[in-house]
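# Summary of structural features
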Amino acid sequence: MANAVLSDVTNKTFDYIVVGGGTAGLTLAAALSEDPSISVVVLEAGEPNLDDPNILLLGQAGLTFGDPKYDWDYKTLPQQYSSGRSITWNRGKGLGGSSGLNFCNWTLPSAQDIDAIEKLGNPGWNWKGFQKYAYRIEKFQEPTQGKVAKYLYNFNKDSHGQSGAIQTTFPAGISVTLEIPFMQAMNSIGITFTDAYGGKPSGYFACPLTKDPDSHQRSYAANAYYIPNQNRQNLTVFTGAHVSKVLFADNASGEDLVATGVKFLLANDTSSRQVVHAKKEVVLCAGTIVSPQLLELSGIGRKEVLEAIGVEMKLELPGVGENVQDHQLTNVNYPLDDQVAHETWDQMRDPVFAAEQRRLQINGEGFHCWGNVSLAFLPFSTVNPEESHEFFNKAKISVEKQLASSSVSPGLAEQLELQLQLLRNPQVSNIELICLPGPGYYTLQGPPEAGKQHLGVFTFLEHPFSRGSIHCKNKDPLQPPNIDPRIFENDTNLDIMVEQVKFVRKLINIEPLKSLVKREIDPGPQRQSDEEIREYIKLTHGSAWHACGSCSMIPREKNGVVDPNLKVHKLFRLKPPH
Ligand SMILES: Cc1cc2nc3c(=O)[nH]c(=O)nc-3n(C[C@H](O)[C@H](O)[C@H](O)COP(=O)(O)OP(=O)(O)OC[C@H]3O[C@@H](n4cnc5c(N)ncnc54)[C@H](O)[C@@H]3O)c2cc1C
């Protein structure tokens, strides 16, 4: 039912309540409501934001950051190992959630990354199973022969889904004068094209975007899973509903807890308390930050956290809000020779140029049909083959030190051991690079000079060893929780990023790239030693927006929160069982 109003929801009963109308929530609601006998309600705190060019035009990505209509704009606690900085965690608000705010890059991980999830005690959560669902959601459109020839697009059609709801397609173009030389530089040191979608990404590739090949607009959870199904009588989507608590049946007999509904506040009248009931299940899809917060507000979590915020404990589950991890990114930036014409994102600063891109978009051309797509996924041994053995030994020692700490749970110990194996594995990507024709986002030099052209190379930390937490700071559901990822607590993470920056410098020194750049702006010629590069990274790195782990799928005795069926341990038992 489209455009649900409060009276359609409040005090009503549905089979399933889905909390959060973002990427997971809308996808799940569409799947559940395929069966017309099942009723589903989605409660989303933000606005619908449908048909909104700020979301639909790909060239707008990043411009919605910080705007409360689209972005929760969370801030971490000051990070001790990042020079005391508080790091911004953008998160999508409104239908589509973060899929309406993200950069539309369609990428898949290494098979071993997914198989590791099964090894942590989750039968069936392996690459084979994952690939089946990745294919099921994707509808890939091949580029024309003309684009393949011009932009060297390379792909293996068999590694892509053909009939899913999320449309993927190559961008209208890439910068021939910058991104192709970037690939050529890699090629000259033996790094080749990789099929990044077959489970063994190792090399460079241009990644398809989640973009509709007909409308040339963002393809995301709202237009893939909600709009086509909005007239289903058994699907109710209600926006402006800020869920504050999960409700449980009385469990005086000591049985497992049974979720019976949720409480929510109206975004436009936060004094108004509403209730909706669930016959079967309550499913939390409020993302990495809010899902653990909601568990704690409902009395599920660590004893000391619940005591501190004054919430009565319903179930002690110490893993809630723990095991938080995130990818980090930084960048190396270069100004380009003004005398050479390049296509770079710098040009979007010119209003005349930007208006022209809006016009071109209608026919599937121009910057609103481009993206940050020139990627490399590389095993660690590629970036520093000479010293990788020594590096692995150093990483092992630092993990052993971490394991010796009493705060490391059995579930975390297993993850860290697996991560060490992944770091050494030459088939597993541990390094991600993106070549961006345009200025870097993170620079110590302030905004880029008007009229100048730039090249930015982004480096990403994958498989972080550090772990942090997300816990309620009080029992006000409108207050964000304390986010403390403890980035770089394990020093190996920083060492990996240093090696990446050094690798980028090596690449840029290879022709044809070398002649294109004038000088390095960041980290800058004054930062050469490992120690100086570390300081630069600490001062500039940002979140790569991939935080996860706060409701980990690990057995309960190993400090997990959900089981392989994604049910909270000892909780959310089906009512009635089926
Ligand atoms: C800036 C950015 C760039 C990214 N780039 C990429 C990329 O290019 N490629 C890629 O694959 N991934 C990317 N990601 C990651 C990807 O988008 C996310 O992992 C994914 O969208 C998360 O889905 P989710 O359903 O867990 O959370 P979300 O999609 O964030 O959904 C959570 C929903 O819950 C709602 N909500 C929150 N609190 C409440 C409450 N109390 N009551 C009711 N509703 C609530 C939110 O408003 C939101 O709609 C990016 C993420 C970000 C933030």
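Per an unreviewed UniProt entry, the protein carries the name GMC oxidoreductase and comes from Sphaerobolus stellatus. Turning to the protein, the UniProt record has this under Cofactor (unreviewed entry): "FAD". Reading the Sequence similarities (unreviewed entry) entry of the UniProt record for the protein gives the comment "Belongs to the GMC oxidoreductase family."

### Re the overall build of the protein
A count of helices and strands for the protein gives 16 helices and 20 strands. The principal-axis extent of the C-alpha atoms belonging to the protein is close to 75 × 55 × 45 Å. Taking all 578 residues of the protein together, the buried fraction comes to 56%. Taking all contacts inside the protein whose residues are at least 6 apart in sequence as the whole, residues at least 24 apart take part in 72%.

### Points about the packing of aromatic side chains
A complete count under the given rule lists 18 aromatic pairs for this structure. Members of the aromatic cluster, joined through ring pairs, are F140, Y151, Y153, F155 and F170.

### Side note on the site of the ligand
Looking at the ligand, there are 31 residues lining it, with T23, A24, E44, S98 and N105 nearest. Contact distances for the ligand include 2.8 Å between an oxygen atom and a backbone N or O atom of A24. Between a nitrogen atom of the ligand and a main-chain N or O atom of F103, the distance comes to 3.3 Å. Compared with its free state, where it exposes 1,000 Å², the ligand has 84% of that area covered by protein.

### Things to note about the UniProt feature "binding site: FAD" (unreviewed entry) in the protein
Sites flagged by UniProt as "binding site: FAD" (unreviewed entry) map to V243, W545 and H546. Spanning 304 residues, the named residues are also spread out in space, since their farthest C-alpha pair is 23.0 Å apart. As for its position among the elements, V243 is in strand β9 (residues 241-248). What makes V243 buried here is its relative accessible area of 7%. If sequence neighbours within four positions are ignored, V243 has contacts with V19, L43, V262, K263, F264 and L294. Following the sequence through the fold, W545 ends up in the segment after β20 (542-543). Engagement of the side chain of W545 in a polar contact is seen with the side chain of N90, the distance being 2.8 Å.

The rules behind these values
Residues numbered from 1 in each chain as written. Predicted model: local features only at pLDDT ≥ 70, side-chain atom pairs only at ≥ 80, totals over all residues. Heavy atoms only, no water. UniProt positions renumbered as here; feature names shortened; annotations may be inferred. Helix = DSSP H or I, 4+ residues; strand = E, 2+ residues; numbered from the N terminus. Buried < 20%, exposed > 50% of the residue type's maximum accessible area, 1.4 Å probe, protein only. Contact = heavy atoms within 4.5 Å. Phe/Tyr/Trp six-rings, centres within 6.5 Å; stacked < 30°, edge-to-face > 60°. Near = heavy atom within 4 Å. Polar contact = N/O pair within 3.5 Å; in protein donor to acceptor, adjacent residues only side chain to side chain. Areas by Shrake-Rupley, 256 points an atom, 1.4 Å probe, with all protein chains shown as cover.

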